[in-house]
Amino acid sequence: MKFSRILGVAALLAAGSTLAQEAATVTPAPEAEAAPVATLEADNTPATWGDAQAGAGKAAACAACHGLDGNSSDPQYPKLAGQHERYIARQLALYKSGERNNAIMLGFSATLSAQDMRDIGAYFASQKVVPGVADDTVIASGPNADRKFFEVGERLYRYGNPDLGVPACQACHGPAGRGNPGAAWPQLGGQHAGYTANTLIAFRDGMVWGKDGNANALMAGVAGNLTDEEIQALATYIEGLHNVADAPDAEALADAAPPQG
């Protein structure tokens, strides 16, 4: 048996030697032309931490809508002051790729590099958001009758609605609305109620920012069972939400207040 095994191995080695000799005499076929490779944009190279000073100049174009310091005066445009650097950079990248649909922002983001986005994000992150004032109007009728709008919003923000599967907003965005930069949860505290309400309605209608691996459908699920009244209540509570230490002075509140007409 041992002798047979040795012969078998020897036969394989001999065969391998013969094949090797034959292979050495074969003329190789010409290599096929390499398939074209899509060239990545130069601005897709990894970005380093943002530079707030460099971002100040790059953010000048943002001032018309979002304010010089990121505190927009028009509620249709979100406040960017105090927002997390990486969150801003990610949203700009989604605008540029078309995964977040906004024709105006597509135009602004089209020429930005990844580093530009981080720098702009760093600049706005270094600014201080000026919160508004929550609506303390009493709701006249319905399931929330005799409760103030901000009180309804506060309950949803802090505790959610387990019966309808609505989680507490603070679980991701924090008790003071500061969010979580590491987990890409944005700052909400102080944001315009009008902007927040419109965004929540869009989420409720199924809007998703990003496609494929970039898609984040979480908020579509969170907002799916919110009523219009609850959305308004949440939005106004969030507008007045801020850290006590960051409370604005009277002058800042006066500047941020809508004109009386």
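Being a predicted model, the structure only gives us computed values, none of them experimental.

What counts as what
Residues numbered from 1 in each chain as written. Predicted model: local features only at pLDDT ≥ 70, side-chain atom pairs only at ≥ 80, totals over all residues. Heavy atoms only, no water. Helix = DSSP H or I, 4+ residues; strand = E, 2+ residues; numbered from the N terminus. Buried < 20%, exposed > 50% of the residue type's maximum accessible area, 1.4 Å probe, protein only. Contact = heavy atoms within 4.5 Å. Areas by Shrake-Rupley, 256 points an atom, 1.4 Å probe, with all protein chains shown as cover. Axes fitted to C-alpha atoms, helices over the stretch in contact; angles between N-to-C directions. Parallel < 35°, antiparallel > 145°, perpendicular 65-115°, else oblique. Left-handed = near helix turned anticlockwise from the far one by under 90°. Nonpolar A, V, L, I, M, F, W, Y, C, P; charged D, E, K, R; others polar. Salt bridge = Lys/Arg side-chain N within 4 Å of Asp/Glu carboxyl O.

Draft legend 1. Inspection of the overall build of the protein at higher detail. Of the regular secondary structure elements, the protein holds 12 helices and zero strands. Counting from the amino terminus, helix and strand elements in the protein follow one another as α-α-α-α-α-α-α-α-α-α-α-α. When the 261 residues of the protein are sorted by exposure, 35% land in the buried category. Nonlocal contacts in the protein, meaning residues at least 24 apart in sequence, comprise 67% of its contacts between residues at least 6 apart. Split by element, the accessible area of the protein, about 15,700 Å² in all, is 59% carbon and sulfur.

Draft legend 2. Layout of the packing of helix α7 (residues 149-159) against helix α11 (residues 228-239). α11 packs onto α7 with a crossing angle of 90 degrees between their chain directions and a minimal axis gap of 7 Å. As judged from the angle between their axes, α7 and α11 are roughly perpendicular. Contact residues: F149, F150, V152, G153, E154, L156, Y157 and R158 in α7; E229, E230, Q232, A233, L234, T236, Y237 and I238 in α11.

Draft legend 3. Main features of the packing of helix α9 (residues 193-204) against α11. Where α9 contacts α11, the two axes come as close as 8 Å, and the packing angle between them is 140 degrees. With respect to α11, the axis of α9 lies oblique. By crossing handedness, the relation of α9 to α11 is classed as right-handed. Where α9 approaches α11, its residues A193, T196, A197, L200, I201 and R204 are matched on the opposing element by D228, I231, Q232, L234, A235, T236, I238 and E239. The residue inventory of the contact of α9 with α11, partitioned by class, reads eight nonpolar, three polar and three charged.

Draft legend 4. A look at the pattern of salt bridges. Applying the stated rule across the entire model yields five salt bridges. Taking the shortest distance from any N to any O, the salt bridge between K58 and D119 comes out at 2.6 Å. Taken together, the residues span a long stretch of sequence, with K58 in helix α2 (residues 52-58) and D119 in helix α6 (residues 114-125) at a distance of 61 residues. Looking at D119, the relative accessible area reads 4%, which means it is buried. In this structure, the salt-bridge partner of D228 is R204, at a minimum N-O distance of 2.7 Å. With D228 in helix α11 and R204 in helix α9, this residue pair connects regions lying 24 residues apart in the sequence. Looking at D228, the relative accessible area reads 52%, which means it is exposed. Counted as one network, the salt bridges with shared partners bring together K58, D116 and D119.

Bear in mind that shape data such as this cannot, by itself, settle questions of function.
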